[in-house]
Every structure is written in C-alpha cells, then in structure tokens.
Amino acid sequence: MKLNNKDRTCRAISLALLISIALLITGQETVAEGSQLCADLLIVGGTESGCAAAVQAARMGVASIILVNDIDWIGGQFSAEALGAIDENRGPSGYGHGVPFPRAGLFKEVMDRIEADNLKQYGQPRPGNTRVITTVRPAQAKRIFEELLSPYVSSGQIRIVSNYYPVAVIKDDKGKRVAAVQFRSTKSKAETTYSEMTVHAKLTIDASDWGDVIRLCGAGYEFGPDLKSKYQEPLAPTSRKDYPLTDMNPLTYCMVIVEDESGELLPPITKPANYDPRNYRNHAYPKGSKFVYTTRRLVDHYEYPEIKSPDVILLCFPAFDYPLDLLPKRVVDALEKIEAGASRKNIAEMSREQREIVYEDAKQYSLGFLYYMQTEVDQTEKDKRYSLRRFRLTDEFGTADNMPPKPYLRESLRLQAMYMMRQQDTTGHLGQSTSFASTMYHDGICCWQFEYDFHPTARRFITGDSAGPWTGIFRQGRTWGPPYSGLSLFPLRSLVAREIDGLLASQKNLGYSSLVGSAVRLHDQSMAVGQAGGAVAAISLKHKKQPRTIPFDRTLLAEVWSGLCAKYKGGQPAMLWPFHDLEPTHPAFIAINMLAIRRGLPLSPNQTEFHPDKPADPKWKDEVVSRSLESKRYETKPATPQGKMTRGQFAVRWWNLIASLPEKPFFVRQKENDYDADGIPDVDDPLPIDSAQSSWEGFGIPEDQDGMPNSFSEKETEGIRINFTDKEAAVVAGFMNDSGFPFDLKKGFGWSRDISSNFRRRPNLNGELRNTFLFTRSHDQWEYTVNNGRYRVTVCIGDAGHEQTGQNVTVENQILFDNITTQTGWFNEKTIEVEVTDGRLTVDVGKNGSTTNTCLNWIILKPVSAKQ
C-alpha cells in the first residue's frame, strides 16, 4: 500500500511510542543502534548547560545519557558562540572588582582547566586584557569541554550525537509526558547514515538554543517583554504599545581576529554584503581602533612579554548588536517568501530555516563593522599601532567565512514553569544589592548575581527607510547597568514545566520573567543551572519520580543538594548559598552550604560573609544547633561539640553528627494548588511552604543603621550638614559637599591633608548620602570653623558595598566610634555633645598604625548653646 507523508509520520510515531513504552516496562538502559536510540536521560543541546547537565548526571550514577547537538562544537558561549571573554556573576562594584562569591562546581573545574591550559600555552593563566577575569580561545574551549566529558564518553555513560536537530516530540499515551524526540540530520543524505533519528528517554533536558523540545512538546512558554500587569515587576513596561513581543535582547555575531605575525598592514576583509558605513558612524560605543584593541584582548603579548604568540582580540561590541524587534527589508522579504507573516514572529517562534536568514544578515552586519574599522576608521588614524588591518579573522572555527558556528544568543523563549522568577524576588533585601535577595527560595539549587541587563533592543532606521541604514537604541527600562539583583538563588521549580512531565529546562529556556532572564544568562550561571538540572534528573530517575515532586519532598530535595555539593574524583562542589568569603577548597565548604541551604544557620539579609575561620561563640553554636535540627528527625538530640573551635570547624563537626539523620518532611499540603494555604497560588508563590512574603520578614534596618539622617525631615536649614563624597557629586538638598581637600579658610572647613583620591561610590543604594564616602586607612583630621560653644554632632560611618572593620572616630578628643564594624549596606550613626573652645570643631578619623578603613559618609552639627 502506498503511504502519503502523513501516514508515514503516524506510523513512525506509533512505532516510536511502542519502543518508548517498552523502555519504561523493561527498564532498558542500553543504547540501541541505528535510527532508534534509547537512554535514561536525553539532553538536547551541546551548550555549556547541556554539557554540565551530562557530567553531573553521570557523576550521580545515571547509566545511559545521550547528548544530541545540532553542530559538532560543544561548549555554547565559551566556544561555538565565540564569547571567549568569560562573563561571570558580578555584583554592584562592577567590572574589575572580582566576583560576588567564589567560583564553584563544574564552572570552576572548567575555569581551572582553562587557566592551566593557558599557563602551559602562554606562561600566563589569564593571558587576556579585558574587563573580565579569564579569557579563552574558542577552539581551546571546545577541546576543554570535550576533555571534561571524555571520561564518561569512554565509560559508555555519555554518548554524544552531533549534527542533529529536533523536529518532533512524542508523548506518552496520555499526552502528558515527553517520551521521545525525533531529530533530523543537518547533513545531506550522502554525508550521514541516518537522515532522521529518534531518541527514547525516561527524562529529557532541553538545553538547546531556542527551547526546541519545550516548543515542540506543547509545553507553555513565553517570549518578549512582560508587562507590569503580569508579574508586577518594578522595571517592567506598562503598555505593549512601545514594547512589541518581538523585542528581545539582541543577538551578536562575534568575531575573533588574530594579529598577523608579519606586523604589516593587511588588505581589509572582503566588503560584506549590504555594507553601509552609516550603520556604524554615529554609534557611541566603541569609538576608534584603540578602544576596540585595548578592551577585548583574549591574548595580549604586549602586556605579558613572556607570551610569544600574537595578540588575539574578541570583537563583541554594541556597535554591531543585532536587534530583533524590527527586521531590515531584505530580511523581511526573504522570510515572507518562506512563510507569510514569518517576519512578524518573535525569533523564538521561527523555524530553523527562518532563523538562519536572520543569522546570516547579523553575520554580514558584524563583518561590516570590521570592514568599517579597517577602511573608513583606519584612514583617519595616523597611529597604526592599534589598526585592525594588522589582524585577520581566525581560522580556528573551520568555517568557510572564518566566522563562529553560531551567534551569541542572550535570550530564548521562557518555559512556563511551576514558578516564574520575578524581579522583586531577586532584588536585594530592602533594595540593597549587596544583601541576599528578598526571596531565598526553599528549593534553591544554584546561586547567581548580576544586573538586569539589556543591550539595545530597538532597531531605528536612520533615514526612516527599512531598506536603509539603522542603529540600535535602548527602550526605557530595558538597558544595562544598575540596578543589580541581590545575592540570589535559582529555584528547582523554575526548571519544571507546569503541565508536561519528563522534561527539564536548561540553558536560557528557563522559568523566569524577561527581566530576570536578562540577569541570568552568563557563562557561569548557565553552567550552574545545567549542573543543577543534571542533579535533579539523577534523583528523579533514581527514585522513578517526576521532577515536579522534588520541590515539595524534603528528602528528595536533600539528595539533590548532596549530589551537587559533593566532590567527585577531584571535582569541585557546587555552591548552594552565596557567601562572599567561602571558597570551595575550604574544609568547611560542604558543611556550611548544607547547613545554610536548610536554613540551619542564624543569618541576617546583609550577613553575606560567613567568616569560617573566626572563633565560634557559644550563643552562635546554640543557634546553629537549634535551627539545623528543625529540618531533621531524631529520637535523641545529638550532643553539641564542645571546646574552642572556629565557625568552620564547628560547622563540619556538627554537620557530620546530623547529616545521616532523616529529613523531616515539609508539612502536609493544605490545598491542591496552594501548598501553605496563604491565599497565593503555588504558581505565583515564591515561598510556597511559608506564608511569609519575604525570606527576611522582621529584618528591617534600624534608623541609626540605615545611613540616612533621622532628622532629615526637619527643616533643611537647621544645623550644618556635610556629605563626604567625590568632587563631581551632585549636592544633596540641605547638605554641602566635602571632597577631601585641605582646610580652606574661605570655605571654613577641610582636612589636614589632601585625601580627595580616597573616595568611593557604590551604585547600589538609593540616596547619594549612602552611596559615597571618604575613607582613611591611617589617621586624618577634619575641621569646621564654628563659634565657641556646645554642639550636638552626629556622624555616620559605613560602606554600602563592603563590610568594614576597625573604624574609629573621635570628636573633640571624645571617642565616638571605637573599632566598629559595619556590615555590607549597613551603617552606624551616633550623636555626641562636645565643647568647642578654639573656634574649630575637630573630628579625628581612623588611628595611627591602623590597617583598616574608616569610612565617613556624612556629619551634622548643631549648636546646643553658644558662648559670646
């Protein structure tokens, strides 16, 4: 009988479904040969998330894992997308100030491998010269990811199948579970044995670029900007009018260029298709070859003479970001030829063929930037030391045009998950980005922090003609820079679809709003999410439970935590709680994380350092014992370890005593869709097993520690008010600025020496008074000319961005602050009455011989009585 295409498809799906059912019945774990493959776990996408998920699942005992990738490069942003300047979690101090908490888990393992490889190859572990910490060549990153997976490939646990992409999903007979995924080869029939392939698995992780499995299986998903009415996010737009659903974080086709060893100026690259210099002339960033040359060097042999190889530069700049809201006419015409209305789709909903049209235009636009720099810009610059004509496109990708296999993708579709993370959850407590997030989810499985960060998402046609030149511009509320999130957790629930089983999300296909997605997209975050997903998959498969049951089962959740925060054959444990000062190499790292994630430590929202090597005082020990036992079942309470020890040592000894105790179940579900019966449906409840609205209820900041004058509401002319800040700072109403200059008779105030360079600005709190300060590490003196008499003086010390210890202030030789510590984002305000007899109020800041900073924010002085 002759079958039409529909008949063939139906028969293929029926056969595949029978195989999937047989796999479930028999518990088969081996990989079948041919076009029908079977595994415990299918991972779709060789991104950094997909690779991390595969390794973690293998380490936790999953016997058969198939990773299917649509190209033959694994490693995602690190390699195939050419983003070799590795972005990491970042706090409000910005670039150049390290990371907000230490590298950990598989990300640290990859970074350690990269830096060891760099050291061997260049004599420098960090051979680049960029705003980030570590750099890597894309082909080098590909090899390192292959080496990471290699032991598990060799053992047969992981099988990698390259050059296949998903085309259909087969669900079980109830239509509720992903049972198999059908793939099509990217190669011609002559180049491959099987043009199509089906993989049957008990569980699938979607780590693809565009959430292919999520879209094909019928799970709910979202894309484009979320309006404020949807999730009530402070930065969200209120109207769809200026925020179309096609608005996305732009993609960028990165380029890697290598210095030619001849040192001569090379001819420019071939003029790209559709080149128009007007696209680049008026872009504010970057300007000139020197800026391009000096800000994105993956290898810099001028800075490090021991490096004998040429300079290598990553080209990744907003000047050639490619917005997706409106497309150029040539792209629109090409898309409409394939499908009517295709050009009006969000790119996440386009077919693979349609996206390739967009990619090609973005690629030519990037090459246009390089051509522009090598021609028009080069002709205007006499200094050829920074000329990009000294460079050629790298050939390491093995592509005909020497461009990466894929563009850098900042955003994808977003799974409609059991819970959608929102901006207000992830904002630091009381708006302080130096604090833990307002919501520290009970089912947290990894840590992150970054700014809510959009590159220009709007395309503006310069002449008004969509066939002409264009530039990218920001939409209000969708920009880069502050505000930053707090130190945050990622919840397991945001990996799990609301309705479909047998599926976990990964990479950038996660359950969060558009705003949160703009902050959770970096190299380390994607690896952490992938690693967490691998652990969830392992526990789900081990217990034959769907992932959606785990967030409400403390025993299973604890197994996920234990699998993540463990050392596997020299591997690095993952971080479960974002302490600033806890390295994964610390002997107490695992114990502290296991206690913290269970809420077994006495913490405040701004207590972001654990101080593992400080002495453990008795009161703190008792609190740890009491809190940690709340999540355990026991008949006889374990004895508290006695004797002198550090906090880290106590954590280890105590955790060793209670680790094997059974987990105490969460309380019984109160309502079908509202676990804690607090009136907030689980799907909208960030804390579904706690009726509290924040993880830190009751943790307000006392008035004398909030960094704001308590009398600020009084008449602004009352008293003398000085804000210690930088010379460019705006003047706060009612205050005068002091920028650290020597005493000025005309002004009537100033310092014993010039300390104007000793200022800091922390862009993370509301209010200029708290964001800036002057500091001294030794001893300095500040004076203000006044009439003799008695004065009430209020002084504020502290730092919005860092904990500060050992701060000292005296006023007229009376001690006001003596060896005072202020926690991150908290301050100390004190008032003292003093007598002035020499016509100058004198404030001594710091101490001679000190090794700590004293940070002076502001001072207010008021006369109590005056002597004539």
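Residues numbered from 1 in each chain as written. Predicted model: local features only at pLDDT ≥ 70, side-chain atom pairs only at ≥ 80, totals over all residues. Heavy atoms only, no water.

Caption draft 1: Just the nonpolar core, in detail. Formed by 183 residues in total, the largest nonpolar core has its most connected members in L41, F78, Y322, V358, W577, F579 and L601. In terms of nonpolar packing, the next biggest core, distinct from the first, is built from 27 residues, I722, F724, V786 and Y791 among them. (Core = buried A, V, L, I, M, F, W, Y, C linked by side-chain atoms within 4.5 Å. Buried < 20%, exposed > 50% of the residue type's maximum accessible area, 1.4 Å probe, protein only.)

Caption draft 2: Seen up close, the packing of aromatic side chains. Scanning the model with the defined rule gives 33 aromatic pairs in all. For the ring pair Y280 and Y365, a centre distance of 5.1 Å and an interplane angle of 35° mean the geometry is tilted. Here Y280, found in helix α7 (residues 278–281), pairs with Y365, found in helix α10 (residues 352–380); they are 85 residues apart in sequence, far enough to count as distant. Accessibility assignment for this pair places Y280 and Y365 in one class, buried. (Phe/Tyr/Trp six-rings, centres within 6.5 Å; stacked < 30°, edge-to-face > 60°. Helix = DSSP H or I, 4+ residues; strand = E, 2+ residues; numbered from the N terminus.)

Caption draft 3: Fine view of the packing of helix α13 (residues 523–543) against helix α14 (residues 554–564). Interaxial distance between α13 and α14 falls to 9 Å at its minimum, and their mutual angle equals 130°. Accordingly, the angle class assigned to the pair α13 and α14 is oblique. The handedness of the crossing between α13 and α14 is right-handed. Residues Q531, A532, A535, V536, I539, K542 and H543 of α13 form the contact with α14, whose own contacting residues are L556, E559, V560 and L564. For the contact of α13 with α14, the class distribution of residues is seven nonpolar, two polar and two charged. (Axes fitted to C-alpha atoms, helices over the stretch in contact; angles between N-to-C directions. Parallel < 35°, antiparallel > 145°, perpendicular 65-115°, else oblique. Left-handed = near helix turned anticlockwise from the far one by under 90°. Contact = heavy atoms within 4.5 Å. Nonpolar A, V, L, I, M, F, W, Y, C, P; charged D, E, K, R; others polar.)

Caption draft 4: Examining helix α2 (residues 48–59) more closely. The end-to-end C-alpha distance of α2 is 17 Å, a good match for the 16 Å that 12 residues give at a rise of 1.5 Å each. For α2, the tally of buried residues reaches 12 of 12 residues, placing the bulk of the element in the interior. Among the residues of α2, those classed as buried are E48, S49, G50, C51, A52, A53, A54, V55, Q56, A57, A58 and R59. At the C-terminal side of α2, G61 shows a positive phi close to 100°. (Expected span 1.5 Å × (residues − 1).)

Caption draft 5: Highlighting the sheet that holds strand β3 (residues 129–130). Pairing within the open sheet is antiparallel, and its five strands lie in the order β3-β10-β11-β9-β12. What marks the edges here is a single partner per strand, and that holds for β3 and β12 (391–393). Where strand β9 (residues 255–259) meets β12, three bridges bridge the pair, whose relative direction is antiparallel. Within β12, the position partnered with V258 by the bridge is R392. The strands that helix α8 (residues 288–295) touches are β3, β10 (296–299), β11 (312–315) and β12; relative to β10, the one it contacts most, it runs at about 45°. (Pairing = 2+ DSSP bridges.)

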